[in-house]
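# Remarks on the overall topology
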Protein chains: 2
Amino acid sequence: MDASTPATDDAPEQVPAAASRAANDGDTACRNCPLRALPLFIEPSGEELALVQSLKRRERRLAAGEALIHEGQTDAPLYTLLQGWAFRYKTLSDGRRQILSFLLAGDFIGVQQKMGDAAAHGVETLTDAQFCVFHRDALWELHRQSPMMGFNITWLTAHEESMVDDTLLSVGRRSAEERIASLLILLFKRAAALQPDAGADGIAFPLTQQHIADGLGLSLVHTNKTLRKLERRGLHQISNGRLYLRDLKSMARLADLYGDGRPAPRPLV
Amino acid sequence: MDASTPATDDAPEQVPAAASRAANDGDTACRNCPLRALPLFIEPSGEELALVQSLKRRERRLAAGEALIHEGQTDAPLYTLLQGWAFRYKTLSDGRRQILSFLLAGDFIGVQQKMGDAAAHGVETLTDAQFCVFHRDALWELHRQSPMMGFNITWLTAHEESMVDDTLLSVGRRSAEERIASLLILLFKRAAALQPDAGADGIAFPLTQQHIADGLGLSLVHTNKTLRKLERRGLHQISNGRLYLRDLKSMARLADLYGDGRPAPRPLV
DNA sequence: CGACGTGTTGATCTCTCTCAATTAGAGTGG
DNA sequence: CCACTCTAATTGAGAGAGATCAACACGTCG
C-alpha cells in the first residue's frame with residue numbers, strides 16, 4: 001500500500017548475488033524497484049526481472065534542473081526514470097524552446113535515437129531525480145531475450161507517442177485556457193497514479209510557469225495571466241510546489257477532454 | 001533500379017502457395033511488395049517475409065478522402081500503408097481538427113491503440129490508397145516469432161514519434177512562415193525518398209491548404225496568405241497537385257531545420 | 001545586502017483569426 | 001453546350017488572443 005516500502009517478498013535491501021549483476025553496486029536491485037509496488041505497473045516474471053537486471057548498467061542521480069541528455073548529444077545511453085520528474089525538449093537555433101513531454105517515474109528515455117545517432121531532443125530534470133542506465137544494446141537484447149518485454153516496449157513507445165499527440169492537439173488547436181486546463185489535468189492524473197498516498201490534497205508540482213509555457217507553446221507572461229485567471233475562478237491552485245485541482249469538473253469541461261484523460265496502465269518495470 | 005519493377009529474383013506475379021496464405025487473394029504477396037524495391041527499406045530475410053505474409057490478412061483499397069479509421073472506433077486492425085498518402089488526426093468536440101502526422105507508403109498505422117481500446121485518432125486518405133491489413137494480434141506475433149522484426153517495430157514507432165516531436169516544435173514555437181517552410185521541406189524529402197524517379201521536377205502533393213492548416217495549427221486563410229507569400233518570394237511552388245521547392249536553401253534557413261530534415265532510412269517492410 | 005530566479009501586472013503591439021466576397025475548376029444534369 | 005453546384009484557392013478588412021516590453025514584489029542565497 002505504501003510506496004515507501006518497496007520490497008515485496010524478501011529482505012528489503014539484501015540483494016542476492018544475481019548471476020548477472022554487473023556494474024551496479026550501491027544501486028537498488030530491480031527486484032526491489034519501488035515502482036513494482038505500484039498498481040500501475042504490470043508485474044513481470046522473475047525471469048524478466050533478472051533479464052532487466054542483467055542489462056542495467058548503473059544508476060545516475062541528478063539534482064533538479066540538471067541535464068540528463070543534451071540536445072544533439074551522440075551515443076546517449078538508454079534510461080528509465082526511477083524517481084522524480086524530468087522533461088524532453090527541443091530548441092530552435094535562436095533559443096525558442098518547446099517541451100515535448102514531461103517524464104514521470106517509470107518512463108523510458110532515449111528509445112527515439114537510433115544507436116550512434118545524435119539525440120533528437122534534450123532531457124532535463126525538474127526535481128532531484130534518479131535514473132537507471134542501460135547500455136544502448138539493451139533495447140535489442142530485451143527484444144531478443146524476451147519478446148514479451150520487447151512487445152511491452154513497443155507499447156510503451158506507442159503510448160508515449162499518443163501523449164505527444166495529445167499535446168500537439170492542445171498546442172495546435174486549443175486556446176491558452178484550454179491548454180492549461182488540459183495540461184494540469186493530465187499531469188495531475190499521471191502524478192496521482194504514482195503516489196498511492198494520493199487523496200484530495202493535491203500532488204507535488206515542480207514545474208515553473210516557464211515550463212508550462214514551453215510545454216504549451218505560450219509566452220511566459222500569457223501563461224501567468226491565464227493561470228491566475230483559472231485560479232481566481234476557483235478551478236485550481238498552485239502553491240508551495242503543490243497543485244490542487246479544486247474543480248475538476250469545470251476544468252475537464254474547459255479542456256474538452258474525452259472521458260477523463262486516462263492514464264492507461266503501463267506494463268513493464 | 002526502376003521501382004515499377006517490383007520483383008527481385010523470380011517470376012513477378014506467380015505467387016507460390018505459401019503454407020500460410022490465408023485470406024489474401026487478389027492481393028500482392030509480401031515478397032512482391034513494391035516497397036521492397038526501394039533503397040529506403042532494409043531487406044528482410046525470406047523467413048521474415050514469410051512471417052509477415054502469414055500475418056497479413058488482406059488488403060484494403062480506399063479512394064481519396066475516405067476514412068480508414070474513425071476517431072474513437074474500437075478494435076481497428078493494424079495497417080500498413082502500401083501505396084498513397086493518408087493522415088492521422090484528432091478533433092475537439094466543437095470540430096477543431098489537428099492533423100498529427102502525414103502517412104506515406106511504408107508507414108504503420110494503429111500501433112498506438114491497445115487491443116480492445118478505442119482509437120485515439122482517426123485516419124483518412126489523401127489520395128487513393130492501398131493498405132495491408134493485419135490482425136490485431138499480429139503485433140504480438142511478430143515480436144514473438146521474430147525479435148528482430150519486433151525490434152524494428154519499436155524503432156519505427158519511436159521514429160514516428162520523433163516526427164510528431166518535430167511537428168510539435170513547429171506548432172509550438174515556429175511562426176506561420178517557418179511552420180510552412182518546415183512542413184514543405186519535410187514532406188518533400190519523405191516523398192522524394194519514395195519515388196526513385198525523383199529529380200528536380202517536384203513531387204506529387206495531394207494536400208489541400210486546409211490539410212496544411214490543420215497540420216500546422218493555423219487557420220485556412222492565414223495558411224493561404226503565407227503560402228502565397230513564400231511562393232511569390234520564389235521559395236516554392238504548388239501547382240497541379242505537385243510541389244516544387246525552388247529555393248531549398250532559403251526554405252531550410254527559414255525553417256531553421258537542423259542539417260536537412262533527414263528522412264532517416266527505415267527498416268522493415 | 002545585492003544578485004537571481006520566479007511570479008505578477010499593466011500597457012502596447014502584432015501575428016493570426018474570423019468574417020465576407022470573389023474567382024476558378026471539376027462535375028452533373030438538362 | 002450551358003446553367004448549376006461544390007470544392008479549393010484568393011484577397012481585403014476588422015477583431016482579438018497572445019506576444020513583447022517594462023516594472024515591481026518576494027524569497028533564497030552567497
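Provided above is the structure to which this section pertains.
This report concerns the structure included in the present document. (Residues numbered from 1 in each chain as written. Chains lettered and ligands numbered in written order. Predicted model: local features only at pLDDT ≥ 70, side-chain atom pairs only at ≥ 80, totals over all residues. Heavy atoms only, no water.)

## Some remarks on the protein's contact with DNA strand C
Taken together, 14 residues are adjacent to DNA strand C, and Gln209, Lys225 and Arg228 of chain A together with Ser219 and His222 of chain B come closest. Within 4 Å of the protein, the contacting atoms of DNA strand C are 63% sugar and phosphate, with bases supplying the remainder. In this structure, Gln209 of chain A approaches DNA strand C through a side-chain N or O atom, which is 2.7 Å from a phosphate oxygen. Of all the secondary-structure elements, those providing two or more residues to the surface near DNA strand C are helix 6 (220-232) of chain A together with helix 6 (220-232) of chain B. Of all the elements, helix 6 of chain A adds the most residues to the surface near DNA strand C, at five residues. (Near = heavy atom within 4 Å. Polar contact = N/O pair within 3.5 Å; in protein donor to acceptor, adjacent residues only side chain to side chain. Helix = DSSP H or I, 4+ residues; strand = E, 2+ residues; numbered from the N terminus.)

## Observations regarding the interface of chain A and chain B
In this assembly, 49 residues from chain A lie in contact with 49 residues from chain B. Of the roughly 4500 Å² buried at the junction of chain A and chain B (both faces included), carbon and sulfur atoms supply 62%. Interface area lost by chain A to chain B is led by Phe151, Leu168 and Arg173 of chain A, which between them contribute 18%. Connecting chain A to chain B are ten salt bridges. Note that Asp166 of chain A and Lys90 of chain B form a salt bridge whose closest N and O atoms lie 2.8 Å from each other. Our count for the chain A to chain B interface comes out at 23 residue pairs in polar contact (both at pLDDT 80 or more). Elements that contribute at least two residues to the side of chain A that touches chain B include exactly strand 4 (86-91), strand 5 (97-103), helix 2 (138-145), helix 3 (147-173) and helix 5 (209-216) of chain A. Here the side of chain A that touches chain B gets 20 residues from one element, more than from any other, and that element is helix 3 of chain A. (Contact = heavy atoms within 4.5 Å. Buried area = accessible area lost by both parts, 1.4 Å probe. Salt bridge = Lys/Arg side-chain N within 4 Å of Asp/Glu carboxyl O.)

## Digging into helix 1 (residues 46-55) of chain B
Three or more residues of helix 1 of chain B are buried, namely Glu48, Leu49, Leu51, Val52, Gln53 and Leu55 of chain B. The inward-facing, buried residues of helix 1 of chain B contact strand 1 (56-62), strand 8 (129-134), helix 2 (138-145) and helix 3 (147-173) of chain B. (Buried < 20%, exposed > 50% of the residue type's maximum accessible area, 1.4 Å probe, protein only.)

## Focus: the sheet that holds strand 9 (residues 203-204) of chain B
Sheets are built from strands paired through backbone hydrogen bonds, the pairs being either parallel or antiparallel. Residues and elements named next belong to chain B. Reading across the sheet, the three strands line up as 9-11-10 and stay open at both edges, with antiparallel pairing between neighbours. The sheet terminates laterally at strand 9 and strand 10 (236-239), the two strands that pair on one side only. As judged from the two bridges shared by strand 9 and strand 11 (residues 242-245), these two strands associate in the antiparallel manner. The residue of strand 11 that forms the bridge with Ala204 is Arg242. Here helix 4 (residues 176-194) sits on the sheet and contacts strand 9, strand 10 and strand 11; the angle it forms with strand 11, its principal contact strand, is near 110 degrees. (Pairing = 2+ DSSP bridges. Axes fitted to C-alpha atoms, helices over the stretch in contact; angles between N-to-C directions.)

## Focus: the pairing of strand 3 (residues 78-83) of chain B
All names here are of chain B. When you tally the buried positions in strand 3, you get five out of six residues, the bulk of the element. Strand direction decides the pairing type here: strand 3 and strand 8, joined by five bridges, are antiparallel. Residue Leu81 lies in a different strand from strand 8, and its bridge partner there is Phe131. Direction of pairing for strand 3 relative to strand 6 (residues 108-109): antiparallel, over a ladder of two bridges. Across the sheet, residue Tyr79 finds its bridge partner in strand 6, namely Ile109.

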